[in-house]
Amino acid sequence: CLRVLDGGVSLFCAVGGVEVQSETVWRQADRYCLPRIAFINKMDRPGADFFRVVRQMRDRLSANPVLLQLPIGTADGFRGVIDLVGMTAIYWDDAGHGVRFDRAGIPSAMLSLAQEYREKLIESAADGNESLLKKYLESGDLSPVEIRQGLRLRTLRSEILPVTCGSAFRNKGVQAVLDAIVEYLPSPADKPPVIGILENGEPGTRIVSDDEPFSALAFKVINDIYGALTFIRVYSGVLTKGMSVQNTTRGKREKIGRMVEMFAKDSNPIEEARAGDIVALVSLAETDTGDTLCDSAHPVVLERMRFPDPVISVSVKAKA
């Protein structure tokens, strides 16, 4: 899935920290230059250590974590987080299962720590572009809007890893992560044109636009109660129900029948998919993982996925 994403949220356990599988996925995300933000989960569990996980991100992943939040308490004492951009404390209502939250002043015992990390946050944001750096050098501060602007620019360039925290099981911190996705991760239009090979063998590009010729990459095929579902990422153009497209990887044609938008196990029938959408096509006969679907009048073959080396190899032989 990393091949077709525009950005991602890296999830880390506050107790387990950076695990072996985290390193494997991280290297694959680096290969695709995928902008990321981090969420340190399970801050309410015994043994949770926010700063230890941040150190592991730096040491094991060679990441450049920039803290957007600081936890207020850990384990049973986890009560909320400090928003370093707005310099306020966020507290969630336990009775409402974290759905409701309030903003208040930062606890006096944590004020100096919050000021220290906010200064580091501003320094990171100031490196976003020359105008922000000039403003910071002249005044020594940036507004919350300017901080978000600088952090977004550096996140899109994969220079930093904005870090948030909370307890997803209790809905603590989830709202802030959703805000961070909007503020710092790219939209399809923020990504560079996707590169492919044209019919004449020359390199070609597809811009993320509805006005471009249709092109999409099939990145996952599963079987469920609806039949074979082929998940595709639409990179350009518009795909409509009943349309005939070319599988340029295999030299076959496909007729688009049922098209659905998946939400967990639920499927919502749709009539069209536009540039940037991820949808599932039902019962394609000739398409497999890594194949390119495109407008037959403008053929292109998009780059296939590159699979990571296996951690272990096992040979299985049946006795009979």
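Read on for a plain summary of the structure. The model shown is predicted, which means the values in this text are computed figures rather than measured ones. (Residues numbered from 1 in each chain as written. Predicted model: local features only at pLDDT ≥ 70, side-chain atom pairs only at ≥ 80, totals over all residues. Heavy atoms only, no water.)

Looking now at the layout of surface pockets. Remark: the empty space left among the atoms is shown by a probe the size of a water molecule rolled over them. For the largest pocket, the calculated volume is near 460 Å³. Surrounding the largest pocket, 23 residues form its lining, R3, Y32, K191, P192 and V194 being those nearest its centre. Of all the elements in the fold, those that place two or more residues in the lining of the largest pocket are β9 (194-198) and β12 (227-236). (1 Å grid on protein atoms, 1.4 Å probe; cavity = no way out; pocket = protein on both sides within 12 Å on 5 of 7 lines; lining within 4 Å. Points joined across faces, edges and corners; volume = space filled by probe spheres on them. Helix = DSSP H or I, 4+ residues; strand = E, 2+ residues; numbered from the N terminus.)

With that settled, the discussion passes to the side chain of S10. When you line up the elements, S10 lands in strand β1 (residues 8-13). Here S10 is in contact with W26, R36, I37, A38 and F39, once residues within four sequence places are set aside. (Contact = heavy atoms within 4.5 Å.)

Strand order in the open sheet formed by 3 strands is β10-β9-β21, and the pairing between neighbours is antiparallel. Looking along the sheet, the strands with just one partner apiece sit at the ends: β10 (203-206) and β21 (300-302). Averaged over all pairs of adjacent strands, the angle between their axes in this sheet comes to 45°, without regard to strand direction. Here β9 runs beside β21; their pairing, made up of 3 bridges, is antiparallel. If you follow G196 over to β21, its bridge partner there is L302. (Pairing = 2+ DSSP bridges. Axes fitted to C-alpha atoms, helices over the stretch in contact; angles between N-to-C directions.)

With that out of the way, let us pick up the sheet that holds strand β3 (residues 65-67). Consider a sheet: its strands pair through backbone hydrogen bonds, and that pairing is either parallel or antiparallel. In spatial order, the strands read β1-β2-β8-β3; together these 4 strands make up an open sheet with parallel pairing. The open sheet has two edge strands, β1 and β3, and neither has a second partner. Averaged over all adjacent pairs, the angle separating strand axes in this sheet is 35°, with direction ignored. Taken together, the 6 bridges between β1 and strand β2 (residues 36-41) define a ladder with parallel strand orientation. By the bridge assignment, V9 is partnered in β2 with I37. In the packing of helix α2 (residues 50-61) onto the sheet, the strands contacted are β1, β2, β3 and β8 (161-165), and the crossing angle to β3 comes to about 155°.

On the surface, V9, L178, I181 and V182 cluster together into a nonpolar patch covering about 330 Å² of accessible area. With 3 residues, the top contributor of residues to the nonpolar patch is helix α6 (residues 174-184). By the element assignment, V9 lies in strand β1. Of the residues examined, V9 reaches a relative accessible area of 36% and is grouped as partly exposed. (Patch = residues over 30% accessible without salt bridge, like charges linked within 9 Å, V, L, I, M, F, W, Y side chains within 5 Å. Areas by Shrake-Rupley, 256 points an atom, 1.4 Å probe, with all protein chains shown as cover. Salt bridge = Lys/Arg side-chain N within 4 Å of Asp/Glu carboxyl O. Buried < 20%, exposed > 50% of the residue type's maximum accessible area, 1.4 Å probe, protein only.)

Membership of the largest hydrophobic core comes to 48 residues, with the highest contact counts inside it found for I40, F50, M57, L70 and L151. A per-element tally of this core places helix α3 (residues 111-126) first, with 6 residues. Excluding anything up to four places from it in sequence, M57 contacts F12, V18, A38, I40, S62, A63, P65, L161 and V163. Grouped together as the second largest cluster of nonpolar side chains are 18 residues, L2, V300, L302 and M305 included. (Core = buried A, V, L, I, M, F, W, Y, C linked by side-chain atoms within 4.5 Å.)

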